[in-house]
Every structure is written in C-alpha cells, then in structure tokens.
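# Structural description and commentary
Here are the chains, one letter per residue:
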Amino acid sequence: MRILLVEDDQMLGAALREALRDAAHAVDWVHSGEAALLAMRSTPYEAMLLDLGLPGRDGLGVLQSARRAGYQLPVIIVTARDGVDDRIRGLDLGADDYLIKPFATEELLARLRAVARRKAGHAQAVLSTGTVRLDPATREASFGDTTVRLSAREYALMYALLLRPGAVLSRDDLENLIYGWNEEVESNAVEYLIHSIRRKLGAAAIKNVRGVGWVIDRAPQETPRGRADPA
Ligand code: CA
C-alpha cells in the first residue's frame, strides 16, 4: 500500500517508516499538516497515518480539509492516551480508526489491513478471485495448487492488482502504488517483479494486456454489482 505518514516526531516517524517499509508498504513521510495536504494533491495514497499534534495546522485540521476536498482515503489517527475528545472529534470528522501511542507495530499493520479491505468493499482478510489468492497477514499467494511466500515488493504488486480485480494497471500505476518518494526505481522494476511472481506462481496468475499493463481477472461468478471500486 502507498501510505502517507504525517508525523512531526523525528524518532517515531523514522521508526514507523521503517516498520511500514519492512511490511512491504511504500511510505512518504511528511512533518506538517501543510505538507500532508500538498502531498495528497500529487499522489494517490491508499491510507494516511495522521498524528494530531503537528506544528501549524494540526491533524484534525488536516483531516477536515482533506474530507472537504473530497479525499476518500482511509485515515488512521495516531494520538496520545489522554486525547479522548480529539479521538472522538477525529472519528466524527471522517477518520476510520485510531491508535493510541505507544502502540505495537503489529497492531498498526493489522489496522491498516482492516481499513484497506473495508475501503475496497470486502470484509474477508484474504483477497481472492477464486483462482488467485493473497493473504495480507502472511504475504502468501496461491494460484491453483501452488502456494508461495512473496517478497515485500512482489507482495505489494500482487496486492495492488488483487485489490482491483479486472482493472488493467499500467507500469506507471503500479510504480505509484508500490514505491514511495526517494526510492530509486529501475526502469524495468515492474516487469521484473511480474516475471518473478509468474515464475513462482505460474504464468497465468497475472495477465499481460499488450501495450497497456497487467490484470488479475475477476472471479468468473463475480459480478461488479455491489462492489466498491477502490481505484
Ligand atoms: Ca506530534
């Protein structure tokens, strides 16, 4: 997932970025509310992790501005234990969840998985089209009888495709979803990842649409009706 981390505390921010990257997320870290709103304009984030106590415009102000501007991304508020009024206000302003400092990294990761799947319109933890499955908790992917554990980047790419079954994603789309700022992206990185996943899972797991991009087909019995489009 591509995540916007809004945190002015240097140590906490660095630790969070590290933990999120280890968990296969692409993270852009900003230190102020203004920078957060600016970043949202240029990048399609899939979630925001929002500290409330920020210099300048505080977290609640950022949330309010973001929702007013129509940004739908899931927002998890990060706040101090005694901030109960702020947490309530945050939820009422459109936050999806909150975490109380200090928190365990594993809990943050689980909450991110939860808000992401709710946004995508499904309640099950495992993403599946029937033939292709991906378990965000273990990073295991299955296709037919084959089950493999994916690397962080392979997982991020599979997740991006499987969250939008039937949608063809271009190389640019995928780069934007799986790499953060300041990350060196080789020109053929996406192709390399696709190749590597196909070698592990089977070539038919991901379809190539010549000149356009890649797609994981919807389940045959699945209809678009009643499904939120996360794209
Ligand atoms: Ca702070």
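## Examining the environment of leucine 163
- Relative to the elements of secondary structure, leucine 163 occurs in the loop between α6 (152–162) and α7 (171–178).
- Since its relative accessible area comes to 5%, leucine 163 is described here as buried.
- Taking the C-alpha atoms as reference points, leucine 163 and alanine 204, separated by 41 residues in sequence, lie 18 Å from one another.

## Describing unusual backbone geometry
- For the bond running from lysine 101 to proline 102, omega is -10 degrees, close enough to zero to count as cis.
- The residue proline 102 is located in the loop between β5 (97–100) and α5 (105–119) in this model.
- Although it is not a glycine, alanine 24 sits at a positive phi angle of roughly 75 degrees.
- Among the structural elements, alanine 24 can be located in the loop between α1 (10–22) and β2 (26–30).
- A relative accessible area of 7% places alanine 24 in the buried class.

## Comments concerning the pattern of salt bridges
- Tallied over the full model, the rule gives eleven salt bridges.
- Where arginine 111 meets aspartate 97, a salt bridge forms, and the shortest distance between an N and an O atom there is 2.8 Å. Of the two residues, arginine 111 sits in helix α5 while aspartate 97 sits in strand β5, which places them 14 residues apart along the sequence.
- Owing to a relative accessible area of 25%, arginine 111 belongs among the partly exposed residues under this scheme.
- Look at aspartate 97 and you get buried, because its relative accessible area is 14%.
- Salt-bridge contacts for arginine 171 lead to glutamate 191; the nearest nitrogen and oxygen are separated by 2.8 Å. Placement of arginine 171 in helix α7 and of glutamate 191 in helix α8 (residues 189–201) is noted, with a sequence separation of 20 residues between them.
- By relative accessible area, glutamate 191 is classed as partly exposed at 29%.

## Focus: a negative patch on the surface
- On the surface, Asp58, Asp82, Asp85 and Asp86 cluster together into a negatively charged patch.
- For aspartate 86, the location among the structural elements is in helix α4 (residues 84–92).
- Residue classification places aspartate 86 among the partly exposed positions, given a relative accessible area of 35%.

## Focus: the sheet that holds strand β7 (residues 132–135)
- Spatially, β6-β7-β8-β9 is the arrangement adopted by the four strands of the open sheet, whose pairing is antiparallel. Here the strands that pair on one side only, and so sit at the sheet edges, are β6 (127–128) and β9 (146–149).
- Of the strand pairs in this sheet, β7 and strand β8 (residues 140–143) are connected by four bridges, and their pairing is antiparallel. Across the sheet, aspartate 135 pairs through a bridge with glutamate 140, a residue of β8.
- Relative to β7, α6 is tilted by about 120 degrees, and along the sheet it contacts β6, β7 and β8.

## Here's the deal with empty space enclosed by the protein
- Summed over all chains, the structure comprises one cavity of 30 Å³ or more.
- In this structure, the largest cavity occupies an estimated 30 Å³ of space.
- Considering the residues around the largest cavity, the lining is formed by Arg113, Arg117, Ala125, Leu127, Pro136 and Tyr159.
- Residues that form the lining of the largest cavity fall into these classes: four nonpolar, no polar and two charged.

## Quick look at the pairing of β9
- Examined bridge by bridge, β8 and β9 share four bridges and lie antiparallel to one another. Bridged to alanine 141 within β9 is valine 148.

## Some details on the domain arrangement of the protein chain
- Per the domain assignment, the segments of the protein chain are domain 1 (2–120) and domain 2 (127–215).
- For domain 1 and domain 2, the distance between their C-alpha centroids amounts to 25 Å.
- For the domain 1 face of the interface with domain 2, the top three residues by lost area are Arg2, Ala24 and Glu46, together amounting to 36%.
- Applying the counting criterion to the domain 1 and domain 2 interface returns one salt bridge.
- Residue glutamate 46 pairs with arginine 164 through a salt bridge whose shortest N-O separation is 3.1 Å.
- Between domain 1 and domain 2 we count five residue pairs in polar contact (both at pLDDT 80 or more) in total.
- Secondary structure elements with two or more residues in the side of domain 1 that touches domain 2: α1, β2 and α5.

Conventions used here
Residues numbered from 1 in each chain as written. Predicted model: local features only at pLDDT ≥ 70, side-chain atom pairs only at ≥ 80, totals over all residues. Heavy atoms only, no water. Helix = DSSP H or I, 4+ residues; strand = E, 2+ residues; numbered from the N terminus. Buried < 20%, exposed > 50% of the residue type's maximum accessible area, 1.4 Å probe, protein only. Salt bridge = Lys/Arg side-chain N within 4 Å of Asp/Glu carboxyl O. Patch = residues over 30% accessible without salt bridge, like charges linked within 9 Å, V, L, I, M, F, W, Y side chains within 5 Å. Areas by Shrake-Rupley, 256 points an atom, 1.4 Å probe, with all protein chains shown as cover. Lys, Arg positive; Asp, Glu negative; His and termini not counted. Charge placed at Lys NZ, Arg CZ, Asp CG, Glu CD. Pairing = 2+ DSSP bridges. Contact = heavy atoms within 4.5 Å. Axes fitted to C-alpha atoms, helices over the stretch in contact; angles between N-to-C directions. 1 Å grid on protein atoms, 1.4 Å probe; cavity = no way out; pocket = protein on both sides within 12 Å on 5 of 7 lines; lining within 4 Å. Points joined across faces, edges and corners; volume = space filled by probe spheres on them. Nonpolar A, V, L, I, M, F, W, Y, C, P; charged D, E, K, R; others polar. Domains from an automatic or database assignment. Buried area = accessible area lost by both parts, 1.4 Å probe. Polar contact = N/O pair within 3.5 Å; in protein donor to acceptor, adjacent residues only side chain to side chain.

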